[in-house]
Structure formats: structure tokens, C-alpha cells
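Remarks on the overall topology
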Amino acid sequence: MSNPSAVTAITAKRLMLALGAAGVIGGAVGAIAVNHNNAVANTAAESAPAIAAAPAPAPAPAAAAGAPASTVVLPDFTRIAAQQGKAVVNIRVVGGTKTANRGGLPNLDPSHPFYEFFRQFQDPRGERGGDRGAPVFGAGSGFIVSPDGVILTNAHVVQGADEVTVKLQDRREFRAKVLGSDPRTDVAVLKIDAKGLPVAPLGKSQSLLVGEWVLAIGSPFGLESTVTAGVVSATGRAIADASVPFIQTDVAVNPGNSGGPLFNTRGEVVGINSQIYSMTGGYQGLSFSIPIDLAVRIKDQIVATGKVQHAKLGVQVQEVEQAFADSFKLETVEGALISTVERGSPAERAGLKSGDVIRRANGKTIGSSGELPAMMTLSKPGDKMALDVWRDGKLVRLDATLGDAAERPRRGQGQELAEMADNSAKLGLTLRPLESVERRRSGIANGLVIEDASGAALIAGVEPGDVLISVNGRPVNSVEQVRDMVSKASKSVALLIQRGGDKIFIPVRIG
């Protein structure tokens, strides 16, 4: 089980931020004090109690010039907290033996000013064993979706768990069985042996609007039944390589909130709190939730079969930037640029090629490349997909039948990766042909992209991203050519490399 307080790192080159799983990591439960804006709290307290925002009052007589504008009434979440909070549960997990992290404290140095603050809340079980191997304790949240004890939470909350305990709001505790989990969407389904439980009503995440008020209930830092509120910042948000169209909010979500529900103002669950952007491991105004429509699809598959099937098109895509749009004569900077087509995939059978730009799928405009993987997640194997593709300055309609993501991929365009070796030592290069798009952008007529360098090549100074132009003075365009030349060399080969705008020879010893 991964350490739940650790924050998943995203490289600086990609996002310059940390993408943190919102589950408590490592076991000891910390706490944090959050100050709420008193003015907002007072305004909310004075408003008429209602789950939805109060309707606008009847028009009043015209105010005198210079009179203050009417006060905006904020939604009152007290009824949601009282009624639907009963269906929110606290989840504790025990995993296999791993190296302890000072009892599960956040990754703080003992000299950090907040170290002692968090230390006073830690689980004493995490202290035993010191930095030696010890059971890993973790915590998260979840919510009941069936009165017979079916519970939704995050897959990362129960990942690698040997024992899962669910604590209800009435303080009863049950040992839970993990019916199944899907790491791809970060959804897991638990089952406890109980009847007549309170159930959280499910809404429709597709109806959410940007700016709409939402409420989260969970156990941040182990503080059970904690309520935080905010607004929807974006819907269908694609982040990194995730295949989930996230709901982005500014609701305060912290470690321990993972798996908890996100409610709309009608008291319906519209999402599962899953991830945060953070440079510290704590809330910084960016929280992401899995749409409940998607989570229910995953839950239904797990309950019915114990596993989840995902659809696959069989392409790798990248963003369409302004330079690409200008090059391809696109009127708008939208779409998913295909860099790789897997051989034997639904994409290849449909006629897709590297350099194509998918503009629409089933009539839906693809604004960014991340929207296409999200559509795959919402589809199932066997579904039909009509694609509007920009190719050679015009739109082409292609029809694809989606495959099963569990099928083992075959090497395809841009995926002809091979490890070079002769009879005595490896050259240490992973290569692929230049894509047509890369040829146009770089102006390089021939060569192979170096995907990875290790062994002798790495020692000699070859770097990933270099383009191999020639070996021993002979131009190369295929993996087979390089393999043949390396096999004939005795002690070393001279590689002509293009790095940026420069060409350099690098000798690599292979004997």
C-alpha cells in the first residue's frame, strides 16, 4: 500500500506543481486548524435555512440614489450536513510491512515549526518500530450508496490494504470487504455486513455548472465529519495523463478527505473527492473530484462482475499548440494531435495515422488532448465512435469500434522500440522512427529519436531526446539498420547526434 500522506509528484517540466492524492498516508492521523471567514459565516447563519440558495425576493421599490446594493444570500448547508452526513464514513486501513515514516507524520523535518503540532495527533502504533519495517496505517473517507452496506471510496485509499475498517457516524465499526477497485479511475467499492443504513442520494454530475456551490464532507487529517464548502471551478478538467474528466473546485480538501462525497446544494452526491494540487501536501485552492456519473458506472461493473472494462482507441495524443495549428492550417487551436497509432488497434483499423488531428468525437468538440482519454473512460469496449479528423488541410470522417484496454498492445507507428546489442555488450539505446510531424518541425530528413539511453551510450553522453542521424558515417532510418551496424562493430561506434540545432559526433565503446 502506498504511503497515504506522501504527495504524488509531478515533474516541474510538466506542471511545476505536486499532484497529491488526498488520502492520509502512513497511518498517523494529523490535524490542522482552518479559520473560516467570519463575515461569510455570519451572513450564511443569518440567511433563511434552505438547502438551495434562497430565491430572489420580490422587486422592491427603487432605492434612493447612492443606497447600498441588496445583499446576496448564500446557501445554507446545515441541512445537508445533518441529513446526508450520516451516510459519510471514515475508513481506516492496515497494509503490509514497509519502512515507517515517523509514525505516519507528514513529511516534515523535526526542526519544522509544525512538526510538534502534527506529532501530538499521531497514532501511537506508528511510533513502534521507529524507522524499521512496520505495518502501514492509512485513512480516508467514503459514503454509503446502498442500505445493505455498499460503500464508494477511492482506489488509492485501499490500495494494498490487508485490513479495512469502516466507522459510521454513529460510531459503530465494521470490517469491510473490498469488492473491487479500479486504479485507472481511482474508484473502489467496499461492502460491510449491515442493514438499514443511511444512503447518500446520487445526483448528475453532467448538470453541474461552473460557479455552482458544492459541499465536501470527510475526515481531513482524521477529523471525522468535517464539512467544507466552495464553488465549482471547472468541469471536465483533464490533468496530466489522467483519464478522468475531473470536477475542479475550490473546496478545502486535505489528506483524509479522499473518497468522501462532494454534494450539490440539493444534497445530492455529484463527485468523489480524489486529488489536490499542492506544493506542501495541504489544500491550496485546487481540488479535483471524480464525477459521480463515471463512478456509478465503475461501481455497477464491480458489483456485477468484480472487475472493470475500459475502452481503447489505440493512439497516443498530444496538445495542438499554435505552431501546430499554423502548420496544419487549423482555424482554432483545438483537438488531439495523434503522435502514435498502435498496430492492430481500433485506431489503425479505422484508418487513423500519425499527424492526424481529432477535432470531434461522436459530435463532441475535442478542445484539448486530455479530453479524448476521458471519453475512452466513459465508453466501453464495442462502442462505436465517429471521428472528425483534420488531415491534409481538410476534415475526414472516420468510424472506429473501440477495443478493450486490457488487450496487450502491439508495437505501432512511433513505437518500434528496440534495445541494440552486439555479441558482447549492449549499446544502450531505445529508438523509434521520427514521426512526420517531428520531421516537419525539426527539418530533419532522416534519423531515429532516442527515447532512452543507458549503459555505454549514457556513459558516453547520449541523452534522451537526441536524434540519431548516422552510425559510423552511414545515415540510419530504421532500428534494423542500427542493429546491423552495431553487430559489425568491434569495439566502438561513432554516433552522429542532433541535439537542438547542433550536430555532434559521440563515440560509444561497445566492446
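Residues numbered from 1 in each chain as written. Predicted model: local features only at pLDDT ≥ 70, side-chain atom pairs only at ≥ 80, totals over all residues. Heavy atoms only, no water.

1. Examining the pairing of strand 20 (residues 394-401)
By the bridge criterion, eight bridges tie strand 19 (residues 384-391) to strand 20 in an arrangement that is antiparallel. Bridge pairing in strand 20 links Leu387 to Leu398. The antiparallel hairpin formed by strand 19 and strand 20 contains two residues in its connecting segment, where Asp392 sits at a positive phi of about 55 degrees. (Pairing = 2+ DSSP bridges. Helix = DSSP H or I, 4+ residues; strand = E, 2+ residues; numbered from the N terminus.)

2. Quick notes on the environment of Phe137
With respect to the helices and strands, Phe137 occurs in strand 3 (residues 133-146). A relative accessible area of 11% means that Phe137 is categorised as buried. Once the C-alpha coordinates of Phe137 and Val94 are considered, the two residues, 43 residues apart in sequence, prove to be 4.7 Å apart. (Buried < 20%, exposed > 50% of the residue type's maximum accessible area, 1.4 Å probe, protein only.)

3. Regarding the pattern of salt bridges
Counted by the stated rule, this structure contains 15 salt bridges. In this structure, the salt-bridge partner of Arg175 is Glu163, at a minimum N-O distance of 3.7 Å. Within this pair, whereas Arg175 is found in strand 6 (residues 173-182), its partner Glu163 is found in strand 5 (residues 161-167), the two being separated by twelve residues in sequence. The exposure class of Arg175 is exposed, given its relative accessible area of 58%. Residues Asp466 and Arg499 are paired through a salt bridge, measuring 2.7 Å at the closest nitrogen-oxygen approach. Within this pair, whereas Asp466 is found in the loop between helix 10 (455-460) and strand 26 (467-471), its partner Arg499 is found in strand 28 (residues 492-499), the two being separated by 33 residues in sequence. For Arg499, a relative accessible area of 28% gives the class partly exposed. One continuous salt-bridge network, built from bridges that share partners, spans Arg360, Asp388 and Arg397. (Salt bridge = Lys/Arg side-chain N within 4 Å of Asp/Glu carboxyl O.)

4. Section: the environment of Ser274
On the secondary structure map, Ser274 appears in strand 12 (residues 269-278). A polar contact is formed between the side chain of Ser274 and the side chain of Asp186, at a distance of 2.8 Å. (Polar contact = N/O pair within 3.5 Å; in protein donor to acceptor, adjacent residues only side chain to side chain.)

5. Overview of the confidence of the model for the chain
Per-residue pLDDT for the chain has a mean of 77; in total, 74% of the residues score no lower than 70. Overall, residues 1-64 carries pLDDT values under 50, and its contacts beyond four positions in sequence, including any with other chains, amount to 146 contacts. For residues 411-425, every residue scores under 50 in pLDDT, and the model assigns this stretch 54 contacts once sequence neighbours within four places are set aside. (pLDDT = per-residue confidence, 0-100. Contact = heavy atoms within 4.5 Å.)

6. Observations concerning the pairing of strand 4 (residues 150-153)
Of the two faces of strand 4, both are covered, the one formed by Val150 and Leu152 as well as the one formed by Ile151 and Thr153. Bridge count for strand 4 against strand 7 (residues 187-191) is four bridges, and the pairing is antiparallel. Bridge pairing links Val150 to Lys191 in strand 7.

7. Here's the deal with the UniProt feature "active site" (unreviewed entry) in the chain
Here the UniProt feature "active site" (unreviewed entry) sits at His156, Asp186 and Ser258. Of the residues just listed, which span 103 residues, no C-alpha pair is farther apart than 10.0 Å, and they cluster in one region. Tracing the chain through its elements places Asp186 in the loop between strand 6 and strand 7. For Asp186, the side chain forms a polar contact with the main-chain nitrogen of Ala155, separated by 3.0 Å. (UniProt positions renumbered as here; feature names shortened; annotations may be inferred.)

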